[in-house]
Protein chains: 2
Amino acid sequence: MKKSLHVCLSPALLPLFKVEDYIVVVIDIFRATSSICYGIENGAEAIIPVSQVEECAAYREKGLDYLLAAERDGSVVDGFDFGNSPFSYTKEKVEGKTIVLTTTNGTHALHLSRAAKKIVIGSFLNLTSLSNWLKTQNENILLVCAGWKNNFNLEDTLFAGAVIEQLKEESFVLDDAAIAANDLFRIGRNDINQYLKKTSHGERLKKLGIEKDIEFCLQIDLTTAIPVLEGEKLVKLV
Amino acid sequence: MKKSLHVCLSPALLPLFKVEDYIVVVIDIFRATSSICYGIENGAEAIIPVSQVEECAAYREKGLDYLLAAERDGSVVDGFDFGNSPFSYTKEKVEGKTIVLTTTNGTHALHLSRAAKKIVIGSFLNLTSLSNWLKTQNENILLVCAGWKNNFNLEDTLFAGAVIEQLKEESFVLDDAAIAANDLFRIGRNDINQYLKKTSHGERLKKLGIEKDIEFCLQIDLTTAIPVLEGEKLVKLV
């Protein structure tokens, strides 16, 4: 039987899917899953996603050598080492370290997907490596767009469409959201940054002064590591 | 201040919008809102949307000369006069009548939108008439796609994109879903029926043997009436 390749356009739609039937790819392009891919590529031992800022802060008391990262509404939360800018996840900063991370959207989507067969992390940075791995799995695949506070957003959807483009020859059954995501990617693919500039989200991100982060997150195939959830931790898939 | 033109891609996402700030357009192309437009155009006095089959059946006891229409999972419910095929809403059948209607998706979306400034009904049948009226309103507009059991679907999204296309010169602020819907419409516009054939929903509808209904529902500007909710009833906007 043909496998399914489905797209969940917002975490609020996750209850419609029986996640235990899928490998889930969590997508939060600006910026959580891009930074996670970059951090794991750069030798972070593990990244622990937590839902609440308080949970993240609690790791401070544990006295371990964790890096604590907390982002809300696009900014680093006061009192934390860093947020979710990919430039905080360089080799110098993260190699050999464990990072505890909470973000507005990405970690939320991840926690809602817990029942999945497997959870991996996707971004333009690891697009081809991730897609090639998915091709070998012979499982149903659910691409979960983290969105912005449960709202649909274009950057996560376009990335889902990019994965679908790479898996097209594999004869998956697509749902309507997958067809839409792929068609949107095909419209925007020649200059994704330019395409996204017309979005409301693009406006909002520009106000945050993170244009460099955005450019960074739209680089295709800068990395090959695939972060996978093992227990409570995201680690490099081997 | 510029008005907003937003798209809600599934009833499950409606809680993200403050519906009282918008005129809501309810969209359920296959087939509820197409049939409602056609019925009102053909002189139905009113259409009463109800959520439950039982509510619909209860009108039988009231002894009034109502037509009772109930659809679930694409078929007419046993014991009802008809479902939501547009061919049941011809002049001969509905002129001067009041119809009580319950459908899988459309009436659900309608009831969830109750708090809106105004609720009107859209379909390809009344596209230009509806769009022209929206242009004169100077209000925020929310296009609510009924979807299929809360899942995103392409036909409702494409219609939202068609409305946006007509309102483009009016300098609304679009959200990401509106941008996506409009871009998808622009891909599919030359042959919407052909575009929709690749969808899962298209497959499902084909199995129901309602290709003629589908072709009918994709006719642009067959009608001019705009159904509007007044109290409990959808009536012709005057």
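Going by the structure above, here's the rest.
As the structure is a prediction and not an experimental result, all values here were calculated from the model.

**Student:** Looking at this structure, how should I read the nonpolar core?
**Tutor:** As a rule of thumb, nonpolar side chains are buried together in soluble globular proteins. In this structure, A:V7, A:L143, B:V7 and B:L143 are the most contacted members of the largest nonpolar core, which totals 158 residues. If you look at the next biggest cluster of nonpolar residues, it comprises 10 residues, including A:V53, A:Y59, A:A70 and A:V100.

**Student:** When you look at the interface of chain B and chain A in this model, what are you seeing that I'm missing?
**Tutor:** Many authors give the size of an interface as the accessible area that is lost as the parts come together. Facing 27 residues of chain B, the contacting portion of chain A comprises 27 residues. Summed over both partners, the interface of chain B with chain A comes to about 1900 Å²; 67% of that surface belongs to carbon and sulfur atoms. Considering only the surface of chain B that becomes buried against chain A, B:L16, B:F152 and B:D176 emerge as the three largest contributors, covering 29% of it. The interface formed by chain B and chain A includes 0 salt bridges. Put simply, the parts of the chain that give the side of chain B that touches chain A at least two residues each are helix 6 (154–167), helix 7 (176–188) and helix 9 (200–207) of chain B. Examining the composition of the side of chain B that touches chain A, we find that 7 residues originate from one element, helix 7 of chain B, more than from any other. When its residues are assigned to classes, the side of chain B that touches chain A shows 14 nonpolar, 7 polar and 6 charged.

**Student:** Please clarify how the pairing of strand 10 (residues 227–230) of chain B should be interpreted in this entry.
**Tutor:** When a strand is regular, its side chains alternate between the sheet's two faces. Residue and element names in this part refer to chain B. Bridge count for strand 10 against strand 11 (residues 233–236) is 4 bridges, and the pairing is antiparallel. Opposite L229, over in strand 11, you have L234 as the bridge partner. As consecutive antiparallel partners, strand 10 and strand 11 are separated by 2 residues, and within that stretch G231 has a phi angle of approximately 60°, a positive value.

**Student:** Would you take a moment to explain the environment of A:S131 for this structure?
**Tutor:** Residue and element names in this part refer to chain A. Along the polypeptide, S131 turns up in helix 5 (residues 127–135). For the pair S131 and A162, spaced 31 residues apart in sequence, the C-alpha to C-alpha distance is 9.2 Å. Not counting chain neighbours up to four residues away, the residues in contact with S131 comprise V163, Q166 and L167. In this structure the side chain of S131 is engaged in a polar contact, spanning 2.8 Å, whose partner is the backbone oxygen of L127.

**Student:** Is there a simple way to explain the relation of the copies chain B and chain A in this structure?
**Tutor:** Think of it as a corkscrew move, a rotation about one axis and a shift along it, taking one chain copy to the other. Here chain B sits on chain A after a turn of 180° about the axis and a move of 0.0 Å along it, with an RMSD of 0.0 Å. On this basis, the relationship between the two copies can be described by a two-fold rotation axis.

**Student:** Quick question: what am I supposed to make of the pattern of salt bridges here?
**Tutor:** Side chains that differ in sign of charge can pair as their charged atoms come close. Residues and elements named next belong to chain B. With the rule as written, the count across this model stands at 18 salt bridges over all chains. When the shortest N-O distance is used, the salt bridge between K168 and E165 registers 3.9 Å. Classification of K168 by relative accessible area gives partly exposed; the value is 38%.

**Student:** Would you take a moment to explain the side chain of B:T104 for this structure?
**Tutor:** All names here are of chain B. Within the fold, T104 resides in the loop between strand 6 (98–102) and helix 4 (106–112). Accessibility expressed as a relative area gives 16% for T104, which makes it buried. At a separation of 3.0 Å, a polar atom in the side chain of T104 contacts the main-chain amide nitrogen of D73.

**Student:** Sorry if this is basic, but what is going on with helix 5 of chain A here?
**Tutor:** Owing to its 3.6 residues per turn, the α-helix brings residues three or four apart onto one side. Among all positions of helix 5 of chain A, only A:L127, A:L130, A:S131, A:W133 and A:L134 are buried. End-on, the buried residues of helix 5 of chain A take up no more than an arc of 160°, which puts them together on one face.

**Student:** Sorry, what's going on with the packing of aromatic side chains here?
**Tutor:** Ring pairs (aromatic) are described by centroid distance and by the angle formed between their planes. Summed over the entire model, instances satisfying the criterion amount to 12 aromatic pairs over all chains. Following the ring pairs from residue to residue traces out a cluster consisting of A:Y38, A:F87 and A:F216. Positioned above the aromatic ring of A:Y59, the side-chain terminus of A:K62 is 3.9 Å from the ring centre. Sitting above the plane of the B:F80 ring, B:R60 keeps its charged end 5.3 Å from the centroid.

**Student:** For this particular structure, what's the right way to read the environment of A:T157?
**Tutor:** Residues and elements named next belong to chain A. Considering the arrangement of structural elements, one finds T157 in helix 6 (residues 154–167). Spatially, the C-alpha atom of T157 lies 9.4 Å from that of S10, the residues being 147 residues apart in sequence. Every residue in contact with T157, bar those within four places of it in the chain, is listed here: L9, C145, F152, A181 and L184. Of the polar contacts made by the side chain of T157, one reaches the backbone oxygen of N153; its length is 2.7 Å.

**Student:** Just to check I follow, could you spell out the packing of helix 6 of chain B against helix 7 of chain B for this structure?
**Tutor:** Angle between the axes and distance between the axes are the two parameters that describe a pair of packed helices. Residues and elements named next belong to chain B. Direction vectors running N to C along helix 6 and helix 7 enclose 95°, while the axes themselves pass 7 Å from each other. Relative to helix 7, the element helix 6 is oriented roughly perpendicular. Packed against helix 6, whose contacting residues are L154, T157, L158, A160, G161, A162, I164 and E165, the element helix 7 presents A178, A181, N182, L184, F185, R186 and G188 at the interface.

**Student:** Which parts of the structure should I look at to understand helix 7 of chain B?
**Tutor:** Residue and element names in this part refer to chain B. Over its 13 residues, helix 7 extends 18 Å from the first C-alpha to the last, a length consistent with the 18 Å expected when each residue adds 1.5 Å. When you tally the buried positions in helix 7, you get 11 out of 13 residues, the bulk of the element. What helix 7 keeps buried is the set D176, A177, A178, I179, A180, A181, N182, D183, L184, F185 and G188.

**Student:** What is the right way to look at the pairing of strand 2 (residues 22–27) of chain B in this model?
**Tutor:** Residues and elements named next belong to chain B. For strand 2, a buried count of 6 out of 6 residues is recorded, marking the element as mostly surrounded by other parts of the structure. Burial along strand 2 is two-sided: Y22, V24 and V26 and I23, V25 and I27, pointing in opposite directions, are all buried. One ladder, built from 6 bridges, connects strand 2 with strand 8 (residues 140–145); its direction is parallel. Paired with V26 across the bridge in strand 8 is V144.

**Student:** Help me out: how do you make sense of the environment of A:I210 in this one?
**Tutor:** Residues and elements named next belong to chain A. Inspection of the secondary structure assignment puts I210 in the loop between helix 9 (200–207) and helix 10 (211–217). What makes I210 buried here is its relative accessible area of 9%. I210 sits 49 residues away from G161 along the chain, and the two C-alpha atoms are 24 Å apart.

Conventions adopted
- Residues numbered from 1 in each chain as written.
- Chains lettered and ligands numbered in written order.
- Predicted model: local features only at pLDDT ≥ 70, side-chain atom pairs only at ≥ 80, totals over all residues.
- Heavy atoms only, no water.
- Core = buried A, V, L, I, M, F, W, Y, C linked by side-chain atoms within 4.5 Å.
- Buried < 20%, exposed > 50% of the residue type's maximum accessible area, 1.4 Å probe, protein only.
- Contact = heavy atoms within 4.5 Å.
- Buried area = accessible area lost by both parts, 1.4 Å probe.
- Salt bridge = Lys/Arg side-chain N within 4 Å of Asp/Glu carboxyl O.
- Helix = DSSP H or I, 4+ residues; strand = E, 2+ residues; numbered from the N terminus.
- Nonpolar A, V, L, I, M, F, W, Y, C, P; charged D, E, K, R; others polar.
- Pairing = 2+ DSSP bridges.
- Polar contact = N/O pair within 3.5 Å; in protein donor to acceptor, adjacent residues only side chain to side chain.
- Least-squares fit on C-alpha atoms with pLDDT ≥ 70 in both.
- Arc of directions from axis to C-beta.
- Phe/Tyr/Trp six-rings, centres within 6.5 Å; stacked < 30°, edge-to-face > 60°.
- Lys NZ or Arg CZ within 6 Å of the ring centre and 35° of its normal.
- Axes fitted to C-alpha atoms, helices over the stretch in contact; angles between N-to-C directions.
- Parallel < 35°, antiparallel > 145°, perpendicular 65-115°, else oblique.
- Expected span 1.5 Å × (residues − 1).

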